[in-house]
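# Survey of secondary and tertiary structure
Each chain, letter by letter, is given below.
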Amino acid sequence: IIKPILTVLSDIQKNRIHTYSLEILEKSGIRVDSDQALEVFKKTDGVIIEENRVFIKPELVKHAISSAPSLIKIRKKNGEEAFQLGSNSDSFTRFGIGVTNSNFQEISTNRVVPFTRKHTQYSTKLGDILGSYDMISTIGIPSDVPADEVDLYNLVDMYANTDKPLVVLLLH
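Here the structure is a predicted model, which means the values were calculated and not measured. Chains are numbered independently. Their residues run from 1 in the order of the written sequence. The predicted nature of this model means local features are confined to residues of pLDDT at least 70 and side-chain atom pairs, given and counted, to a pLDDT of 80 or more, with totals for whole chains, interfaces and linings taken over all residues. For side-chain calculations, the full set of non-hydrogen atoms in the structure is used, while hydrogens and water are omitted.

When its volume is computed, the largest pocket comes out at roughly 270 Å³. Contributing to the lining of the largest pocket are 14 residues, with Phe-104, Ile-107, Tyr-122, Ser-123 and Leu-126 lying nearest its centre. When residues of the lining of the largest pocket are assigned to their parent elements, the largest contribution, five residues, is made by helix α4 (residues 117–129). For this classification, the nonpolar set comprises Ala, Val, Leu, Ile, Met, Phe, Trp, Tyr, Cys and Pro, the charged set comprises Asp, Glu, Lys and Arg, and every other residue, Gly included, is treated as polar. Partitioned by chemical class, the residues of the lining of the largest pocket number eight nonpolar, four polar and two charged. Put simply, the grid is 1 Å and covers the protein atoms alone, a cavity is a trapped set of points that fit a 1.4 Å probe, a pocket is an open set with protein on both sides within 12 Å along at least five of seven lines, and lining residues have an atom within 4 Å of a point. Grid points are joined across faces, edges and corners, and a volume is the space filled by probe spheres set on the points. Runs of E in the DSSP output that reach at least two residues are strands. Runs of H or I that reach at least four are helices, and both are numbered from the N terminus.

As a further point, take the side chain of Thr-138. By the secondary structure assignment, Thr-138 is in the loop between β9 (135–137) and α5 (150–160). Under the scheme applied here, a residue whose accessible area is under 20% of the maximum for its type counts as buried, over 50% as exposed, and between as partly exposed, the area being computed with a 1.4 Å probe on protein chains only. On the accessibility criterion, Thr-138 (4% relative accessible area) is buried. Any N or O atom pair separated by 3.5 Å or less is treated as a polar contact, with the protein-specific requirement of one donor-capable and one acceptor-capable atom, and with residues adjacent in sequence counted only for side-chain atom pairs. Within the structure, Thr-138 has its side chain in polar contact with the backbone nitrogen of Leu-169 (distance 2.7 Å). Once residues lying within four places of it in the same chain are set aside, the contact partners of Thr-138 are Gly-98, Val-99, Thr-100, Asn-154, Met-158, Val-167, Val-168 and Leu-169. Two residues qualify as a contact provided that any one of their heavy atoms is within 4.5 Å of a heavy atom in the partner residue.

On to the side chain of Ser-123. When you line up the elements, Ser-123 lands in helix α4. Beyond its immediate chain neighbours, meaning those up to four positions away, Ser-123 contacts Ile-97, Phe-104 and Ile-139.

This part covers the packing of helix α1 (residues 11–27) against helix α3 (residues 58–67). It is at 9 Å that the axes of α1 and α3 come closest, and there the two elements cross at 130 degrees. Classified by the angle their axes make, α1 and α3 are oblique. Along the contact surface, α1 presents His-18, Leu-22, Leu-25 and Glu-26, while α3 presents Pro-58, Val-61, Lys-62 and Ile-65. Looking at the contact of α1 with α3, its residues break down into five nonpolar, one polar and two charged. Here, axes are lines fitted to C-alpha atoms. For helices the fit covers the stretch in contact, and angles between N-to-C directions go from 0 to 180 degrees. Note on terminology: angles under 35 degrees are roughly parallel, angles over 145 are roughly antiparallel, angles of 65 to 115 are roughly perpendicular, and the others are oblique.

Another aspect to go through is the sheet that holds β9. With respect to topology, three strands assemble into an open sheet ordered β6-β9-β10, the strand pairing being parallel. Among the strands making up the open sheet, the edge pair consists of β6 (96–97) and β10 (166–167). Here, strands pair whenever DSSP counts at least two bridges between them. As paired strands, β6 and β9 are joined by two bridges and run parallel to one another. Following the sheet pairing, Gly-96 is matched in β9 by Met-135.

With that settled, consider the packing of aromatic side chains. What characterises a pair of aromatic rings is the spacing of the ring centres plus the angle enclosed by the ring planes. Aromatic rings from Phe, Tyr and Trp, with only the six-membered ring used for Trp, were paired whenever their centres fell within 6.5 Å, and each pair was classed as stacked if the ring planes differed by under 30 degrees, edge-to-face if by over 60, and tilted otherwise. As enumerated under the stated definition, the model contains one aromatic pair in all. Ring centres of Phe-104 and Phe-115 lie 6.2 Å apart, and the angle between their planes is 65 degrees; this geometry places the pair in the edge-to-face category. Of the two residues, Phe-104 sits in strand β7 (residues 103–105) while Phe-115 sits in the loop between β8 (112–114) and α4, which places them 11 residues apart along the sequence. The same class applies to Phe-104 and to Phe-115, which are both buried. Across from the ring centre of Tyr-159, 4.4 Å away, lies the NZ or CZ of Lys-77, which sits over that ring. As a reminder, the over-ring test applies to NZ of lysine and CZ of arginine, requiring each to be within 6 Å of the ring centre and within 35 degrees of the ring normal.

Before going further, it helps to examine the pattern of salt bridges. Criterion for a salt bridge: a side-chain nitrogen of Lys or Arg within 4 Å of a carboxyl oxygen of Asp or Glu. Taken as a whole and assessed by the stated rule, the structure comprises eight salt bridges. A salt bridge links Asp-134 to Arg-94, with the shortest nitrogen-to-oxygen separation between them at 3.2 Å. With Asp-134 in the loop between α4 and β9 and Arg-94 in the loop between β5 (81–86) and β6, this residue pair connects regions lying 40 residues apart in the sequence. Each member of the pair, Asp-134 together with Arg-94, is buried.

Have a look at this one:
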């Protein structure tokens with residue numbers, strides 16, 4: 001199996017991006033539309049809240065980074081370790097299947113049809129058997145379920161059709 005190593009940014013470029021990110025968080029802030037998230041921010045030192053905009057001081061970000069683990073073990077459904085992310089892990093680039101499709105091109109006819117639950121199930125099974133894929137991510141937005149239940153159905157269908165780790169995009 002080919003396991004490419006991608007180096008996209010130099011350490012200098014990474015540090016520059018981090019510095020600019022701290023500046024953006026402090027000076028421009030982030031828009032927070034969740035009342036629940038705003039309540040959490042209100043209990044936090046190191047932020048300034050103006051309506052739904054939260055300005056985060058660099059010290060808070062630095063504290064969060066320093067208290068985060070340097071290595072995270074990613075596990076399969078059965079609890080077995082799949083791989084690790086972080087400074088002490090191997091340097092392989094990790095790949096997963098998933099692009100959040102709204103349409104699906106049927107293999108047998110080349111016809112493009114609206115994405116449905118069966119496409120989530122088929123695509124998850126395909127990603128499960130492809131050895132070069134390390135994880136399964138949200139593959140599409142099924143059109144055959146209620147919009148407010150899309151996340152639930154996607155999670156159930158992905159969970160039922162793979163043992164690989166899941167990366168789930170929640171729409172609601």
